[in-house]
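Here's the letter readout for the chains.
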Amino acid sequence: MKNFLAILSAVLLSAHFTSCTVVTPNAGEEAVLIHKPVFFGHGGVDDVPIETGLSYEWFSTDYVIVSMLPQKFDEKLDDATSNDNTLLDFSTQIQLQVQDNKSPVLIRNYGANWYVNVIQEVYRNTVRNYISKHGPFDLMSNREVLDSINLAVKSDMENYITALSKKSETLPVTVVNVVVGRAIPNDK
């Protein structure tokens, strides 16, 4: 009887631990749980993120790891036109940071690919718009012009996020910095 109880306990423990999802966000990350019940209950995004550590969840629960540190998103703009229609190439970067404990709101409203879904095209178009207001020589060598573009794009992106947050659900993201590199003449 002792052996039977020991075997039964081992089987139950192994079934318990193999039927769980292990969530382990690292320092500077939050895990957002997405519940998908198999038999009863309701699913959806859990409102409380899991911070650094270890958590066991039901096997049907998915999760998304969200970095809470500033994230750099690089964009290469090929064939951007200056004010005289000269084709120029640019490397740009926007740094965004998800607000603390707001990662569930971000995932619920905009998905795991929130940058691509909501920010990327607006950012690219905003940078192109400001580039088209300046001449090619200023874009290639005038640091003051590039700094003014950085500030203007950052301001426009902050305004876009604020307007989006007022119009629909909150977009809990802060614009940390924008860097538009100097223009490189197009090979053509």
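It should be noted that the structure appears before, not after, this text.
Residue indices begin from 1 for each chain and proceed along its sequence in written order. For this predicted model, a pLDDT threshold of at least 70 governs which residues receive local features, and a threshold of 80 or more governs which side-chain atom pairs are given and counted, while totals over whole chains, interfaces and linings are taken from all residues. With hydrogens and water set aside, each side-chain value is computed from the structure's full complement of heavy atoms.

## Concerning the overall build of the protein
Item 1. To qualify as a helix, a DSSP run of H or I must reach at least 4 residues; to qualify as a strand, a run of E must reach at least 2; elements of each kind are numbered from the N terminus. When helices and strands are tallied, the protein shows five helices and nine strands.
Item 2. Counted from the first residue to the last, the protein has its helices and strands arranged as α-β-β-β-β-β-β-β-α-α-α-α-β-β.
Item 3. Using C-alpha atoms as the atom set, the radius of gyration is obtained and then compared with a globule rule of 2.2 Å times the number of residues to the power 0.38. For a compact globule of 188 residues, the expected C-alpha radius of gyration is about 16 Å, and the protein comes in at 24 Å, more than 25% above that figure.
Item 4. Across its three principal axes, the protein shows a C-alpha extent of roughly 90 × 35 × 25 Å.
Item 5. Looking at the protein as a whole, 36% of its 188 residues are labelled buried.
Item 6. Contacts are assigned to residue pairs that have any heavy atoms within 4.5 Å of one another. Relative to all contacts within the protein whose residues are 6 or more apart in sequence, the contacts with residues 24 or more apart total 73%.
Item 7. Computed over 15 positive and 22 negative side-chain charges, the separation of the two mean positions in the protein equals 1 Å. Exposure categories follow from relative accessible area, calculated using a 1.4 Å probe and restricted to protein chains: below 20% of the type maximum is buried, above 50% is exposed, and the middle band is partly exposed. Counting rule applied: Lys, Arg positive; Asp, Glu negative; His and chain ends not counted. By convention, the point assigned to a charge is CZ for Arg, NZ for Lys, CD for Glu and CG for Asp.

## Topic: unusual backbone geometry
Item 1. Although it is not a glycine, Asp-79 sits at a positive phi angle of roughly 60°.
Item 2. Residue placement: Asp-79 occurs in strand β6 (residues 71-81).
Item 3. In this structure, Asn-101 is a non-glycine residue whose phi angle is positive, near 60°.
Item 4. Relative to the assigned elements, Asn-101 resides in the loop between β7 (87-98) and α2 (103-110).
Item 5. A relative accessible area of 41% places Asn-101 in the partly exposed class.

## A closer look at the pattern of salt bridges
Item 1. Salt bridge, as applied in this entry: a Lys or Arg side-chain nitrogen positioned within 4 Å of an Asp or Glu carboxyl oxygen. Evaluated as defined, the whole model comprises six salt bridges.
Item 2. With a shortest N-O distance of 3.7 Å, Lys-76 and Asp-78 are connected by a salt bridge.
Item 3. Across the pair Asp-147 and Arg-143 runs a salt bridge whose closest N-O atoms are separated by 3.6 Å. With a gap of four residues between them, Asp-147 and Arg-143 both fall in helix α5 (residues 143-167), about one helical turn apart.

## Notes on a nonpolar patch on the surface
Item 1. Nonpolar side chains collect at one region of the surface, where Val-38, Phe-39, Phe-40, Trp-58 and Phe-59 lie side by side and expose about 730 Å² of accessible area between them.
Item 2. If you trace the backbone, Phe-40 turns up in the loop between β2 (29-35) and β3 (44-45). The patches described consist of residues with a relative accessible area above 30% and no salt bridge, like charges being joined within 9 Å and nonpolar side chains (Val, Leu, Ile, Met, Phe, Trp, Tyr) within 5 Å. Only the protein chains shown count as cover for residues, with accessible areas throughout obtained via the Shrake-Rupley method and a probe of 1.4 Å.

## Description of helix α3 (residues 114-131)
Item 1. Look at α3: 25 Å from first C-alpha to last across 18 residues, which is about the 26 Å you get at 1.5 Å a residue.
Item 2. To get the bend at any residue, fit one axis to the seven residues that end at it and another to the seven that begin at it, then take the angle between the two axes. At Gln-120, α3 shows its largest bend, some 40°.
Item 3. Within the span of α3, buried status applies to Trp-114, Tyr-115, Val-118, Ile-119, Gln-120, Tyr-123, Arg-124, Thr-126, Val-127, Tyr-130 and Ile-131.
Item 4. Where α3 is buried, its residues touch β6, β7, α2, α4 (136-141), α5 and β8 (173-180). Multiplying one less than the number of residues by 1.5 Å gives the expected span of a helix.

## Observations regarding α2
Item 1. Where α2 is concerned, the buried positions are Ser-103, Pro-104, Leu-106, Ile-107 and Tyr-110.
Item 2. Phi turns positive, to about 85°, at Gly-111, one or two residues after α2.

## Considering the side chain of Gln-93
Item 1. When you line up the elements, Gln-93 lands in strand β7.
Item 2. The definition of a polar contact used here is a pair of N or O atoms within 3.5 Å, where within protein one atom must be able to donate a hydrogen and the other to accept one, and adjacent residues in sequence count solely through side-chain atom pairs. In terms of polar contacts, Gln-93 uses its side chain to reach the side chain of Gln-95, at 3.3 Å.
Item 3. Beyond its immediate stretch of four places on either side in the chain, Gln-93 contacts Lys-72, Phe-73, Asp-74, Tyr-123, Asn-177, Val-178 and Val-179.

## Considerations on the nonpolar core
Item 1. By nonpolar core we mean a set of buried residues, namely Ala, Val, Leu, Ile, Met, Phe, Trp, Tyr and Cys, connected to one another through side-chain atoms within 4.5 Å. Judged by nonpolar contacts, the single largest core of 38 residues is most densely connected at Trp-114 and Ile-119.
Item 2. Among the elements of the structure, β5 (62-67), β6, β7, α2, α3, α5 and β8 are those that each provide at least two residues to this core.
Item 3. If sequence neighbours within four positions are ignored, Trp-114 has contacts with Gln-71, Phe-73, Leu-96, Val-98, Leu-106, Ile-119 and Val-173.

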